[in-house]
Amino acid sequence: RSHAAAVVNGRMYVVGGGGAKHCINSIAVYDPSTSLWTTLGLGGSGSRVPPARRAHSVAAYGEFLVVFGGGDGPHYFNDVWVLDTRSGFWLDVVVATKDGQGPCRRRAHSTWVHGDAMYVYAGGDGARALGDLWRLTGLSRLAARPGTLRADLDGGHRQVLLQWEAVETKGPQPAARGYHTSTLFGDTVVVYGGSDSRECFADVWSLDLATMAWTLHNPACQQRRWRRDGGASGDAVGVRRLAHAAVAVGPYMYVVGGHDGGKYSRDVRVLDVRVMQWLDDATVTRRWIQQPPSARGYHSVVLLDSRLIVFGGFDGSRVFDDLWTLDLGFRAY
């Protein structure tokens, strides 16, 4: 549970997470072409590997995975680790800051890659929920000389310089939160749900990465009620979610499971970001989901080809290590 997953070259990489009793720092790789798992034997400069952690983030940039933050029990991190998936080595990364300022230690945040940078948004530091936005620049330097140096392949000894910078945003601001999702659609990020430890949110925000302006949306969700005359009526309804998982599928945002502040969910919700409208829940369940996974949160979902891959999670008592596939190939998107 609370692991992080990303896709590189058609394979899903699962990084860290919390087991039934402790956190781990392993990386498991799932290949959908063979339905087989492998575990990376990790190395690096001086055999340095990241400490075990959960509620961290991982973002893919080309053939590299960038891991940030998370925690292990009372310990929170704000470190950056970069894995070269070609060699299985952690690179020697030097992270600079402007005026000595960088993101504080946190977990339950979200990240995305846009252009040459990875963005880190919100989360919690153990005392309060956060609402800040940071940008880690210089990712293009990771692949400046891909595979041409023996150090790249035999130990990751080439140093790579990255730099943090704070990002100022415009307009009304979302409430501070963690355990939300941030999903990239072109030059726009859609933020959904989350919690500040007191309230579970149902709001949907978008951030324009060109103008850095926030917009609050009120997506309609047509929950259909059939009348005696055979017609149907619908109301716009927001659904609270935290510890869910979301992924972009064309112009749609698929949201799987999560917690609504009272119980865990097993449903799949779909937001059409072109019109900012949730598709009918009953239609999604009836037509696209034959046997959904059991209710859970703190899991992951990725898109591989035309399939959603759901892995792991937690339901309040059980930690899952199961994998579920939802084939979307029959639906145009």
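Every chain is numbered on its own, with residues counted from 1 as its sequence reads. In keeping with the model being predicted, local features are shown solely for residues with a pLDDT of at least 70 and side-chain atom pairs are shown and tallied solely at 80 or more, while totals for entire chains, interfaces and linings include all residues. Calculation of side-chain values draws on the structure's entire complement of heavy atoms; hydrogens and water are dropped beforehand.

Participant: Is there a simple way to think about the overall build of the protein chain in this case?
Facilitator: Helix and strand assignments come from DSSP, with helices taken as H or I runs of at least 4 residues and strands as E runs of at least 2, each series counted from the N terminus. Looking only at helices and strands, the protein chain has 2 helices and 30 strands in total. Out of the 333 residues in the protein chain, the part that is buried amounts to 52%. Burial classes: relative accessible area under 20% of the type maximum marks a residue as buried, over 50% as exposed, and values in between as partly exposed (1.4 Å probe, protein chains only).

Participant: Whenever I open this one, the nonpolar core confuses me. Can you help?
Facilitator: Within soluble globular proteins, side chains that are nonpolar generally end up buried alongside one another. In this structure, Val80, Val82, Met118, Leu139, Leu142, Leu162 and Trp164 are the most contacted members of the largest nonpolar core, which totals 19 residues. Counting residues per element, the ones that place at least two in this core are β6 (57–61), β7 (64–68), β10 (80–84), β14 (117–124), β15 (129–137) and β16 (159–166). Only heavy atoms enter the contact rule, under which two residues are in contact if any of them lie within 4.5 Å. Excluding residues that lie within four positions of it along the chain, Leu162 makes contacts with Val80, Val82, Val93, Val94, Val95, Ala96, Leu136, Thr137, Gly138 and Leu139. As used here, the term nonpolar core means buried Ala, Val, Leu, Ile, Met, Phe, Trp, Tyr and Cys residues forming a set that is joined through side-chain atoms within 4.5 Å.

Participant: Would you mind showing me how to read the confidence of the model for the protein chain here?
Facilitator: Each residue gets a pLDDT score, which is the predictor's confidence in that residue and runs from 0 to 100. With 84% of its residues at a pLDDT of 70 or more, the protein chain shows a mean pLDDT of 87. Here residues 147–156 scores under 50 on pLDDT; set against residues more than four positions off or in separate chains, the count is 23 contacts. Of the regions scoring below 50 in pLDDT, residues 222–236 engages in 24 contacts with residues more than four places distant in sequence or in other chains.

Participant: Would you mind going over the sheet that holds strand β18 (residues 188–192) with me for this structure?
Facilitator: Sheet strands pair via backbone hydrogen bonds, and the direction of the pair is either parallel or antiparallel. Here, a strand pair is defined by DSSP locating no fewer than two bridges between the strands. Spatially, β17-β18-β19-β20 is the arrangement adopted by the 4 strands of the open sheet, whose pairing is antiparallel. Among the strands making up the open sheet, the edge pair consists of β17 (181–185) and β20 (213–217). In this sheet, neighbouring strand axes are inclined to one another by 25° on average, regardless of whether the strands run parallel or antiparallel. In terms of strand pairing, β18 meets strand β19 (residues 204–208) through 5 bridges, oriented antiparallel. Paired with Val189 across the two strands is Leu207, which belongs to β19. Every axis corresponds to a line fitted to the C-alpha atoms, with the helix fit spanning only the stretch in contact, and the corresponding angles, defined between N-to-C directions, vary from 0 to 180 degrees.

Participant: Can you help me understand the sheet that holds β16 in this one?
Facilitator: One open sheet accounts for 5 strands, arranged β12-β16-β15-β14-β13; its pairing is mixed. Both outer strands of the open sheet, β12 (92–97) and β13 (110–114), are each paired with one neighbouring strand and no more. Here the strands of the sheet are splayed against their neighbours by 25° on average, with no regard to which way each runs.

Participant: How do you make sense of unusual backbone geometry when you look at a structure like this?
Facilitator: Excluding glycine, residues mostly carry a negative phi; peptide bonds, for their part, are mostly trans. One non-glycine residue, Asp99, adopts positive backbone phi at about 55°. Even without glycine at this site, Tyr179 takes up a positive phi of about 55°. Of note, Tyr179 is situated in the loop between β16 and β17. The exposure class of Tyr179 is partly exposed, given its relative accessible area of 24%.

Participant: I keep staring at the pairing of strand β4 (residues 36–39) and nothing clicks. Help me out?
Facilitator: Each regular strand carries side chains that alternate between the two faces of the sheet. In this structure, strand β3 (residues 23–31) lies alongside β4, joined through 4 bridges in antiparallel fashion. Among the inter-strand pairings, Tyr30 is bridged to a residue of β4, identified as Trp37. The turn linking β3 back onto β4 is made up of 4 residues, and Ser35 within it adopts a positive phi angle of 60°.

Participant: Explanation requested: the side chain of Asp196 in the structure shown.
Facilitator: Structurally, Asp196 is set in the loop between β18 and β19. Only 2.9 Å separates the side chain of Asp196 from the backbone nitrogen of Arg198, close enough to count as a polar contact. By the criterion applied in these results, polar contacts are pairs of N or O atoms within 3.5 Å in which, for protein atoms, one can donate a hydrogen and the other can accept it, and in which residues neighboring in sequence qualify only through two side-chain atoms. Looking at Asp196, its side chain comes within polar contact range of the main-chain nitrogen of Glu199, at 2.8 Å.

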